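Here is how the chains run, residue by residue.
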Amino acid sequence: MEVVLYDGAFLRERDWTRYARWSNSLMRLHLQFGFGMMEHSKELVKDWRGGQVILSPRDLTDDQLDRLASSIRSLAGGSVLLDPQFYLPHADHDRLREHEYWPATYSTGSFFGGPALSTLIGQLTLLNGRLQTRGFILPGLHADRVTSEWLETQRLVLEEARAQAGDRPLFQTIALSDVASRNTADITSLIEHCADNVADGYYVVVEHPGGDYLVDDPNWLANIVDLCAAFKLQGSSVILGYCNQQMLIAALAKVDAVASGTWMNVRSFPPEKFKAATEDDMKQRATWYYCPQTMSEYKVPFLDIAQRQGLLQDMYPLTPIVLPKIEDLFAGGQPSTIGLTEQVAFRHYLHCLRAQAAAMHQSTFDATADEYRLLLDNAESLIARLNRVGVRGQMRDFARVIDSNRAAVEVLIADRGPILRRRWGSL
Amino acid sequence: MVQIPGGAQKAVFSAMHQTDGEVVIKVFQPGTDAETVSREILAVQNINSARIPRIFETGTVPTPAGDCAWVREQRISGESLHSRLQRAGPLSKDEVLKLAHQLAATLRDAEAAKIVHRDIKPENIMVDSTGDFWLVDFGIARHLTMRSLTADARIFGKFTPGYAPPEQARNVKGQIDSRADMFAFALTLIEAATGVHPFWDGAKDAMEALTRSETQPIPRQLLPVKSAESLADLLDTMTKKRRDQRCRNMQEVLDWIEDIVTEEQKP
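Residues numbered from 1 in each chain as written. Chains lettered and ligands numbered in written order. Predicted model: local features only at pLDDT ≥ 70, side-chain atom pairs only at ≥ 80, totals over all residues. Heavy atoms only, no water.

Q: Quick question: what am I supposed to make of the packing of helix α1 (residues 38-47) of chain A against helix α2 (residues 62-74) of chain A here?
A: Two packed helices can be described by the angle between their axes and the distance between those axes. Residues and elements named next belong to chain A. Following both chains from N to C, one finds α1 and α2 inclined at 15°, their axes separated by 10 Å at the closest point. Considering their axes alone, α1 and α2 lie roughly parallel with respect to each other. Once α1 is placed against α2, the crossing between them reads as right-handed. Seen from α1, the contacting residues are M38, S41, K42 and V45; seen from α2, they are Q64, L68, S71 and I72. Residue composition of the contact of α1 with α2, by class: 4 nonpolar, 3 polar and 1 charged. (Axes fitted to C-alpha atoms, helices over the stretch in contact; angles between N-to-C directions. Helix = DSSP H or I, 4+ residues; strand = E, 2+ residues; numbered from the N terminus. Parallel < 35°, antiparallel > 145°, perpendicular 65-115°, else oblique. Left-handed = near helix turned anticlockwise from the far one by under 90°. Contact = heavy atoms within 4.5 Å. Nonpolar A, V, L, I, M, F, W, Y, C, P; charged D, E, K, R; others polar.)

The following block contains the structure:
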């Protein structure tokens, strides 16, 4: 097995050859910027020799936006998008309010029907131009339900952006509550609306029911995948924001990119983050090791148990880039003595997720579905073996959501399988 | 002039015209809503399609019971697909593919004219003496650019149970477009190919057929063509209950059918 030094990380040439199949059709991982991600973003884009960072005005001042965008763009293959985070404008989040584009006053009733919307789009057009973004993520309100009023705001935003934004591709934000995203009628009416008001792309962010990190609700998941597939079949690009490993399923909808980051609040969409101006609660907590084969995360002491029970090597990440510190976990010493830091764990997670995302798209829809089913089957099998000897991922254990994911796959196949099968190559 | 079977609202006669050849003359009953008649005529005139009988002339004739509108149009010598199926059973593979291709092209043309036929079924398809298929009877066609003539508040719209998609049966006017015809087209194809209508087969009445059409997927249709899986996928897609899950438009259906036909013609 060959080990090659690769920009500070180790690239393992493994017999898992599908990882070598980099092409334009792969599902990409974008970096969802969040608290403490400045260095991670730069280093990861450097390691990957390219990548897209979705900038977060909530976590960056105007000046920082400029500097980070410039740094990322200066890296080979680096590019940025800007999420304007206009989800809950009435909440007047302190740090968002400091940005030039943020309106001084806001009232839903008058905002979208008057010059204020035009001003907002104008300001964001300028900002996107200054940051040289690869596309224009449009401001979009968080929808408790998909109502005709909300759909009208979406239409007005798209219309205004078309008038002002020039050639930059427009990504309409679709920000849905857990209630809206669980409601199939809401999703259907959203798809119908967008069929008549097609954007170049969609930036989809969806609240997790109950705030759960991994969601055990097959209908919620089926609806999201259905929505993404519908957008793709309409001819638009799709970026699914605020994702964790559960959203690898989006590959079956031929989603262009999933976005994820370090802390849990950028791996699932928490609307409350855009409400109060509370400080991020990021004090030291447990460090979690992501095992891509099980799609689960484990606290480091559970790696000790895995080692004692003879299963640690089965948790070794079968991905192209394995960080030295991660190698150390499997080098024979007791894992908890290695001193795995949160920062390494984060970066490891993102390396793995990127590799997994890239490996998902196959040449046909059926092959992609089979690949994903295999991923679930293999995860289930290894999780069962680990659980039997006491190694558990607790609330980050994928076992409890595997059946939801399986159900969502089958629903997609039943609902849109034939058309995805036919058009897969052109999506 | 010879009277031939017609619809509930009109008498139909066949005749020979000195320049247009064989024609049919449809005479609408007195009191038939003039706007309805004019919409039917307009639908045919607006669709530029090779497989819809041409209208040569229209007019009204006074009768003691009131004015009767009439239409003189091209006569298709043959029988309805319904009669053909009753008489000789399911179509052959080549006939099914021909029906699929010709009707898809006709409905693509209707879609371009923003007209929805709303009553695609074997009774409204004629098979001529050369085996070509013609779409007839635009009596309940919907002009998407014109105000609807039927009440929006009715629970059920104008439709034939078992053929109409849920949005048409439920009279959701804003959702009726060419994808409604797509749904009925697929069921017509299945019936023509197998002799069995998936929603009517074994149904005790129209309500059961309607309920099935709104709730049950069609069984997978593996017909004896080279691209059997692809054709089954197409029929499955065309008959989705949610129109957003069907093909986007009739051109997409036509392209799909052409691929299947091309594959079939390969040695």
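Q: I tried to follow the interface of chain A and chain B on my own but got confused; where do I start?
A: How big an interface is tends to be reported as the loss of accessible area on association of its parts. In this complex, chain A contributes 14 residues to the contact, which on the side of chain B involves 16 residues. Approximately 1,300 Å² of surface area, both sides summed, lies buried where chain A meets chain B, with 38% of it carried by carbon and sulfur atoms. Taken as a group, E192, P418 and R422 of chain A account for 41% of the area that chain A buries against chain B, more than any other trio of residues on that side. Where chain A packs against chain B, one counts 6 salt bridges. The partner of R422 of chain A in a salt bridge is D259 of chain B, with the nearest N and O atoms 2.8 Å apart. (Buried area = accessible area lost by both parts, 1.4 Å probe. Salt bridge = Lys/Arg side-chain N within 4 Å of Asp/Glu carboxyl O.)

Q: How do you make sense of the domain arrangement of chain A when you look at a structure like this?
A: Residues and elements named next belong to chain A. In terms of domain boundaries, chain A breaks down into domain 1 (25-279) and domain 2 (288-426). Look at where the C-alpha atoms of domain 1 and domain 2 centre, and you get two points 26 Å apart. Of the residues lining the interface, 43 residues belong to domain 1; the matching set on domain 2 comes to 41 residues. Between domain 1 and domain 2 the total buried area reaches about 3,900 Å² when both faces are included, carbon and sulfur atoms providing 66% of it. When residues of domain 1 are sorted by the area they lose upon contact with domain 2, L233, L248 and L252 head the list and together hold 19% of the total. Inspection of the domain 1/domain 2 interface yields 2 salt bridges. Here R416 ties to D226 by a salt bridge, and the two come within 2.5 Å at their closest N and O atoms. (Domains from an automatic or database assignment.)

Q: Got a minute to help me understand helix α6 (residues 148-164) of chain A in this structure?
A: Along an α-helix, residues three or four positions apart point the same way, because every turn accommodates 3.6 residues. All names here are of chain A. For α6, built from 17 residues, the straight-helix expectation of 24 Å at 1.5 Å per residue is met to within 8% by its first-to-last C-alpha distance of 24 Å. Among the structural elements, α5 (115-131), β7 (142-143), β8 (170-176) and α8 (184-196) are those in contact with the buried residues of α6. Once α6 finishes, G166 follows within two positions and takes phi at roughly 70°, a positive value. (Expected span 1.5 Å × (residues − 1).)

Q: Would you explain the nonpolar core in this entry?
A: A general trend in soluble globular proteins is that nonpolar side chains are found buried together. Formed by 203 residues in total, the largest nonpolar core has its most connected members in L55, I174, L176, L240 and M315 of chain A together with F185 and V253 of chain B. Of all the elements, helix α9 (residues 218-233) of chain A adds the most residues to this core, at 11 residues. Here M315 of chain A is in contact with Y289, C291, Q293, Y298, L303, A306, F330, L386 and V391 of chain A, once residues within four sequence places are set aside. (Core = buried A, V, L, I, M, F, W, Y, C linked by side-chain atoms within 4.5 Å. Buried < 20%, exposed > 50% of the residue type's maximum accessible area, 1.4 Å probe, protein only.)

Q: Help me understand the packing of aromatic side chains in this model?
A: Remark: the centre distance and the inter-plane angle together describe each pair of aromatic rings, the angle taken between the planes. All names here are of chain A. Summed over all chains, the structure comprises 18 aromatic pairs over all chains. Aromatic pair Y290 and Y349: ring centres 4.9 Å apart, planes at 65°, arrangement edge-to-face. Pair noted here: Y290 is in strand β12 (residues 288-291) and Y349 is in helix α12 (residues 342-360), with a separation of 59 residues, a long-range link. Given a relative accessible area of 1%, Y290 falls into the buried group. One aromatic cluster in this structure is built from F86, Y101, W102, Y106, F111 and F112. Here the guanidinium or amino end of K254 rests over the ring plane of W424, the centre of that ring lying 4.7 Å away. Residue placement shows R396 over the ring face of Y213; its charged tip is 5.2 Å from the ring centre. (Phe/Tyr/Trp six-rings, centres within 6.5 Å; stacked < 30°, edge-to-face > 60°. Lys NZ or Arg CZ within 6 Å of the ring centre and 35° of its normal.)

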